[in-house]
Structure formats: C-alpha cells, structure tokens
Amino acid sequence: QVQLVESGGGLVQAGDSLRLSCAASGRTFSTYAMGWFRQAPGKEREVVAAIRWSDGSTYYADTVKGRATISRDNAKNTVYLQMNSLKLEDTAVYYCAADSLFQRLAIRESEYDLWGQGTQVTVSS
C-alpha cells in the first residue's frame, strides 16, 4: 500500500511564505508525476502545480504562477511546494497526488491515482 503524507500546512499571514512537503512511502511504485491540488470551502478541487518525475518539467496554475515553486527529491520520493506572497485566497486544504499510471506531466485531477489526506493552509489578514 502506498501512502502520501503531506506536512507543512498551518496558519500564516498574508504575504508570508510556507513550504509544503509530501513524502511517499509503502510499496514500490512508478512515479511519473506528482502534483499539488487544493480545495477551498465551497469550491471544487483545483490543480496548483505539478512536476514530471523524469525530467523535472513543471506546470503551474495561473493563480500561483510566479509565487509557487514545485520541486522534487527523487532519493526521498518527496515533492515540495514552496508558496510565497501568500494571499487570503490561497486558503484551502492542499492535497498531494501521484500519477503511477502513465509517463506524462499530469495536471488533471482524473490523471492522478494516489492521493494524500490533505493539509490545511489558512492565510489570515
């Protein structure tokens, strides 16, 4: 069984930075891409950023472009999301996901088969 465990969420002020981490553990699986999604109250889950494991290619949602950096540590099977200049609208539950199915840069929720439990990020004014 594969587990994705997120950490690093919390309460921060607008303009602050934080770094989310997601570590994969359990049975060996092929990681083709990992991504970060978020879901704000009353809204659908949306992609924030994604990274292709093989070459580090990245994708960012327009809402975080220039403020977010996704990175990976292959040896640790861990993906990070650095968020800077946080805004009130960044408040959400952030989920880590892994695509173990196909070699691609997955950016759609339906393309990911493994999910973490989520970590709350709350940005206050």
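Summary of the structure given here. Just so it is clear, the model here is predicted, and its values are computed rather than measured.

A regular strand places its side chains on the two faces of the sheet in alternate fashion. Strand 8 (residues 78-83) sits mainly inside the fold: five of its six residues count as buried. Pairing of strand 3 (residues 18-26) with strand 8 involves six bridges; the strand directions are antiparallel. Pairing of cysteine 22 across the sheet is with valine 79, part of strand 8. Both strand 7 (residues 68-73) and strand 8 contribute to a ladder of six bridges, which runs antiparallel. Residue pairing across strands places alanine 68 opposite methionine 83, the latter belonging to strand 8. Hairpin connection, strand 7 to strand 8: the antiparallel pair is bridged by four residues, and asparagine 77 has positive phi, about 50 degrees.

Moving on: the sheet that holds strand 3. The strand order across the open sheet formed by four strands is 1-3-8-7, and the pairing between neighbours is antiparallel. Of all strands in the sheet, those with a lone pairing partner are strand 1 (2-7) and strand 7, marking the two edges. Sheet twist, expressed as the mean angle between neighbouring strand axes with direction ignored, is 15 degrees.

Turning next to the layout of surface pockets. Its volume calculated, the largest pocket comes out at about 180 Å³. Lining the largest pocket are 13 residues, with Arg38, Ala40, Lys43, Glu46 and Glu89 positioned closest to its centre. The residue inventory of the lining of the largest pocket, partitioned by class, reads two nonpolar, three polar and eight charged.

Once that is clear, we can look at the nonpolar core. Leu4, Met34, Trp36, Val79, Leu81 and Tyr94 are the most contacted members of the largest nonpolar core, which totals 31 residues. Going through the elements one at a time, strand 1, strand 3, strand 4 (33-39), strand 5 (46-52), strand 7, strand 8, strand 9 (92-99) and strand 11 (119-124) are the ones with two or more residues in this core. When residues no more than four places from it in sequence are discounted, the contact partners of leucine 81 are Leu18, Arg19, Leu20, Trp36, Val48, Ala49, Ala68, Thr69, Ile70 and Tyr94.

To continue, consider the environment of asparagine 74. Mapping asparagine 74 onto the fold places it in the loop between strand 7 and strand 8. Sequence-wise, asparagine 74 and glutamate 46 are 28 residues apart; in three dimensions their C-alpha atoms are separated by 25 Å.

Conventions and cut-offs
- Residues numbered from 1 in each chain as written.
- Predicted model: local features only at pLDDT ≥ 70, side-chain atom pairs only at ≥ 80, totals over all residues.
- Heavy atoms only, no water.
- Buried < 20%, exposed > 50% of the residue type's maximum accessible area, 1.4 Å probe, protein only.
- Helix = DSSP H or I, 4+ residues; strand = E, 2+ residues; numbered from the N terminus.
- Pairing = 2+ DSSP bridges.
- Axes fitted to C-alpha atoms, helices over the stretch in contact; angles between N-to-C directions.
- 1 Å grid on protein atoms, 1.4 Å probe; cavity = no way out; pocket = protein on both sides within 12 Å on 5 of 7 lines; lining within 4 Å.
- Points joined across faces, edges and corners; volume = space filled by probe spheres on them.
- Nonpolar A, V, L, I, M, F, W, Y, C, P; charged D, E, K, R; others polar.
- Core = buried A, V, L, I, M, F, W, Y, C linked by side-chain atoms within 4.5 Å.
- Contact = heavy atoms within 4.5 Å.

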